[in-house]
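One letter stands for each residue in the lines below.
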Amino acid sequence: MQKALSQPPTGSAMLAQKPQKTPAEIEDIILRKIFLISLTGSASSDPKVVYLELTAAEILSEGRPLLLCRDLLERVLIDRLSQNFPGADPPFHYLVGCYRRAYEEGKKVGSMKDKGLRSEMESVIRQAKKLAVSYCRIHLGIPDTFASGDGVKDRKLLLPLIFSEVSSAVDGFGGSSSGAGGLSCPPGFLEEFFRDSDSDSLEPILSDLYDGLRHSVLNVSALGNFQQPLRALMMLVTFPNCAKCLVANRWWIPKGAYVNGRVMEMTSILGPFFHVSALPDPGIFKSQPDVGQQCFSEASTRRPADLMSSLTTIRTVMNNLYDGLREVLLALLKNTDTRESVLEYLAELIKRNASRSHIQVDPLSCASSGMFFNFSAVMLQLCEPFLDANLTKRDKIDPKYVFYNSRLDLRGLTALHASSEEVAAWIGKDNCEKIDGLSHRSDEENRLLQSQEATSSGNSTSSVLSKAKPLSSCGVKNKYPFICECFFMTARVLNLGLLKAFSDFKHLDQDLSRCKETLSTLKAMQGQGASPQLELDIARLEKEIELYSQEKLCYEAQMMFYDKFNIRHNIAELLEYLWNVPSHCNAWRQIAREEEKGVYLNFLNFLINDSIYLLDESLNKIPEVKGIEAEMANTAEWERRPAQERQDRTRLFHSLENIIRIDMKLANEDIGMLVFTSEQISAPFLLPEMVDRVASMLNYFLLQLAGPQRNTLTLKDPKKYDTYGFQPKELLKKIVRIYVHVARGDKENVFPSAISKDGRSYNEQLFADATDVLRKIGEDIRVIQEFVELGAKAKMAASDAMDIEAVLGEIPDEFLDPIQYTLMKDPVILPSSRITVDRPVIQRHLLSDNSDPFNRSHLTQDMLIPDVELKARIEEFVRAQELKKQSQGLALDMQSSEVDFQNTKGKITSADWNPMEQ
């Protein structure tokens, strides 16, 4: 009988015997899965499921079935959290897990066909999620509520949980996206945790949380992981109650007599975020990783491309910092409950660092240059909305803020556009807002003026101001609009931050120059017999120069919040606009005609140099990106690599991505300008000193874009790069149009020859391959035809060049240019090194660098000395070789004719001889 009962029914019998579950039973199943609770004591395969025996007994005593339901849920949850169960999760992990399981169950419930049942179960799940969040908040906020866990200890798990929520791929810069002990954040948990609570219940939790955020970025440099903490802060301030807790925190504005600028930087909650920088900071305040060591060590021997990559990386991450801090401040300023506290913090930061304007700054009492440079950048961003071109918000900026505001002390500062007497007269002039008499001065004003009298002498501004008519209390405003406060705060911050940083950079550059000059002098003395002390001094200076060079590059990376390529990019956009204005276009063409070998040629040379550098950098980085993409795609192999190696490769990957995006965007602007200018101004492209350079550039990029290796430019996610201008098809069209435009203006047929003699990239098949690609991508048929004709001319020029080379034979070394090793046509002597070079070659060099390439001495085109005698000898050599070849050719022709004659004569017999026919 037992055996029969133990055998499961099969087939149709099973379908007939399987009862339909009631809504109460379905609710019980869902809640048991979510909360891992059993009331029946039946065995479970999951060791984390706990049996609440006492709770079950109480429920039975009440005459209720042992089914979990929403009415019992809170009671059951309290019992689960109040007891210790072996093998079960501690409270924080348990409650976060409950929320995640509720989220997963919600997705299943959404597929129920019975709308009524689905709605009821969705309500149950919402209740379960709400309870999980509520008791998680109670556990963390009131640590002794449940005996099964330590709420204070578990608070430390909330921060990594937030990090797991806000993690991003760019956290490769020293970051990690792992959660609290491997616990990731379920969707919606944090939003519900922070949104549905008051600031009082959150205060103890957020106090630890903000302190943890502050410590997580303390002494972190631009290369460290500040991005996760910053995004966590950005997320928190979007919740009004979290924002209120932030400005109410005791470390929002540190108090006490010991608080100075440096203390504000290191102990206030936002201070360490502003401290993140690439700029050097002395001694105990030095941030890690060391930017100078990691990015700019041995800079003198590094490739320019490597240095540019480091500069680009630093600028990218610093812009991320500026944007994040701006978003934090904006969120707090938009909230009326927190706006005043933000203004107080900014004002306190300014006041505590007033001595940064001094010539000598004490690093122990003042915030770092990095912090105030960042402060300057963020404040400028806050000013952007009201600094439009038309100054529509100008009426919001009250100049009297300088004298009447109660937040900043600005009256003692030096006036730039008025004498001290003029300032005093302006303050003291009679009008409806001025009332004579000291009785109307505030206590603060009286103290300030007395202080100025005590410390001033002569006719200083402070002294004169102290004797001026008093400021009327009726002129004082209790409140100024944010625009006004932001404007004057930013002006003060720029003085203490941006301008001071530029001053420091100037002094650093001067120190570096002096060290280099001294080192040069000492090395010159080595030839006279080096002493041990001299060798020690040289070694010391070399070390100092290395450190100064690193610091200088760190300043350049962060302060030159632009670079030459970005500036030229902006100029390119402006020039493209002007080109479409007829009057400006005509002026442009006139300048090109009149300054063909002057200003315009330099402009064209720089444009070509930038295009070559930018395109070369971005195109060469694409195979590297593809290689790392392939490594990451092999998940199993990637996970087996050491964490540090994965971090380094991820960091390199994002650095390469940034280079491709930025360089390609800038290169497209430069190539575009070459396209539209070459159509109407082609003569400068064809000058002897330029045509070879133009041809080599075009050939190289044609080979990259249309040659056999073009498939290496295919990326896994090309749309990600399209946004930044990486469109190989469009780029190829632009390159081909430059070819065609230059060829149209080539009246003397020099361009095909320049194309064909480029030994690095040109081959006969190149133009044919490019033509095939052009047809496939839909280029204009007329452009294709002209391009094909140019290719044919280049092929013919290559054949002619081979003939000429055969004619000239072996060329004496003295006739070859020492830079290009080509036959000189117009040799000139360099006045300093006395070396003879070909004029077009040295002219091309001088377009970029006004120095003798052999000894670096100053050199300009007008200093070149024609080598008339050598030019005559070269021309004589060429004529002689041509005559020799002609003579050899004539001799060969005569020899061939004689052979033909003899062959013909041998065929005539005596029978053929008839004198009468002669």
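What counts, and at which threshold
- Residues numbered from 1 in each chain as written.
- Predicted model: local features only at pLDDT ≥ 70, side-chain atom pairs only at ≥ 80, totals over all residues.
- Heavy atoms only, no water.
- Pairing = 2+ DSSP bridges.
- Helix = DSSP H or I, 4+ residues; strand = E, 2+ residues; numbered from the N terminus.
- Contact = heavy atoms within 4.5 Å.
- Axes fitted to C-alpha atoms, helices over the stretch in contact; angles between N-to-C directions.
- Parallel < 35°, antiparallel > 145°, perpendicular 65-115°, else oblique.
- Left-handed = near helix turned anticlockwise from the far one by under 90°.
- Nonpolar A, V, L, I, M, F, W, Y, C, P; charged D, E, K, R; others polar.
- Polar contact = N/O pair within 3.5 Å; in protein donor to acceptor, adjacent residues only side chain to side chain.
- Salt bridge = Lys/Arg side-chain N within 4 Å of Asp/Glu carboxyl O.
- Buried < 20%, exposed > 50% of the residue type's maximum accessible area, 1.4 Å probe, protein only.
- Phe/Tyr/Trp six-rings, centres within 6.5 Å; stacked < 30°, edge-to-face > 60°.
- Lys NZ or Arg CZ within 6 Å of the ring centre and 35° of its normal.
- Core = buried A, V, L, I, M, F, W, Y, C linked by side-chain atoms within 4.5 Å.
- Patch = residues over 30% accessible without salt bridge, like charges linked within 9 Å, V, L, I, M, F, W, Y side chains within 5 Å.
- Areas by Shrake-Rupley, 256 points an atom, 1.4 Å probe, with all protein chains shown as cover.

1. Considerations on the sheet that holds strand 4 (residues 836–838)
Each strand in a sheet pairs with another by means of backbone hydrogen bonds, the pair being arranged parallel or else antiparallel. Read across the open sheet, the three strands follow the order 4-3-5; overall the sheet is antiparallel. The open sheet terminates on both sides in strands that have one partner only, identified here as strand 4 and strand 5 (865–866). Here strand 3 (residues 827–829) pairs with strand 5 via two bridges, running antiparallel. Bridged to Val828 within strand 5 is Pro866. Helix 37 (residues 839–846) rests against strand 3, strand 4 and strand 5 of the sheet, and its axis sits at about 85° to strand 4.

2. A few points about the packing of helix 17 (residues 339–352) against helix 23 (residues 482–496)
It is at 10 Å that the axes of helix 17 and helix 23 come closest, and there the two elements cross at 25°. With respect to helix 23, the axis of helix 17 lies roughly parallel. In this structure, the crossing between helix 17 and helix 23 has a hand that is left-handed. Where helix 17 approaches helix 23, its residues Leu343, Leu346, Ala347 and Ile350 are matched on the opposing element by Phe482, Glu485, Met489, Arg492, Val493 and Leu496.

3. Describing the packing of helix 5 (residues 70–82) against helix 7 (residues 115–141)
At their nearest, the axes of helix 5 and helix 7 sit 11 Å apart, and the two run at 30° to each other. On the basis of their axis angle, the class for helix 5 and helix 7 is roughly parallel. The handedness of the crossing between helix 5 and helix 7 comes out as right-handed. Here Arg70, Leu73, Glu74, Leu77, Ile78 and Leu81 of helix 5 lie close against helix 7, whose contacting residues are Glu120, Ser123, Val124, Gln127, Ala128, Leu131 and Tyr135. In terms of residue class, the contact of helix 5 with helix 7 is made up of eight nonpolar, two polar and three charged.

4. A closer look at the side chain of Ser833
One can find Ser833 in the loop between strand 3 and strand 4. A polar contact is formed between the side chain of Ser833 and the side chain of Asp852, at a distance of 2.7 Å. The contacts of Ser833, once residues within four sequence positions are left out, are Asp852, Phe854 and Asn855.

5. A few points about the pattern of salt bridges
Following the criterion strictly, the structure yields 42 salt bridges and no others. Of the charged contacts in the structure, one is a salt bridge between Glu62 and Arg75, with a shortest N-O distance of 2.9 Å. Placement of the pair is Glu62 in the loop between helix 4 (53–61) and helix 5 and Arg75 in helix 5, with a sequence separation of 13 residues. Exposure remark for Glu62: the relative accessible area of 43% places this residue in the partly exposed category. According to the relative accessible area criterion, Arg75 is partly exposed, its value standing at 27%. Between Arg782 and Asp780 there is a salt bridge; the shortest N-O distance is 3.2 Å. Given the relative accessible area of 60%, Arg782 is considered exposed. Looking at Asp780, the relative accessible area reads 26%, which means it is partly exposed. Taken together, the shared-partner salt bridges connect Glu340, Arg407, Lys479 and Glu485 into one network.

6. Looking at the packing of aromatic side chains
Under the counting rule described, the total for this entry stands at 24 aromatic pairs. An angle of 80° between the planes, with centres 5.3 Å apart, marks the rings of Tyr99 and Phe189 as edge-to-face. With Tyr99 in helix 6 (residues 91–109) and Phe189 in helix 9 (residues 189–195), this residue pair connects regions lying 90 residues apart in the sequence. Considered together, Tyr99 and Phe189 belong to a single accessibility category, that of buried residues. For the ring pair Phe505 and Tyr555, a centre distance of 5.9 Å and an interplane angle of 40° mean the geometry is tilted. Residue Phe505 is located in helix 24 (residues 498–526), and its partner Tyr555 is located in helix 25 (residues 532–559); the two are separated by 50 residues in the primary sequence. Members of the aromatic cluster, joined through ring pairs, are Tyr99, Phe189, Phe193, Phe194 and Phe239. A cation sits over an aromatic face here: Arg262 above Phe285, 3.7 Å from the ring centre. Sitting over the ring of Tyr700, Arg760 keeps its end group 4.4 Å from the ring centre.

7. A closer look at the nonpolar core
Core analysis: the largest hydrophobic core is formed by 144 residues, its most contacted members being Leu158 and Phe194. The contact partners of Phe194, leaving out residues within four places of it in the chain, are Leu158, Ile162, Leu202, Leu206, Leu209, Met235, Leu236, Phe239, Asn241 and Cys242. If you look at the next biggest cluster of nonpolar residues, it comprises 70 residues, including Ile608, Ile622, Leu687 and Leu713.

8. What to know about a nonpolar patch on the surface
Judged by side-chain polarity, Leu387, Leu391 and Phe487 come together as a nonpolar surface patch covering roughly 240 Å² of accessible area. Relative to the elements of secondary structure, Leu387 occurs in the loop between helix 18 (369–383) and helix 19 (401–404). Take Leu387: its relative accessible area is 43%, and that puts it in the partly exposed class.

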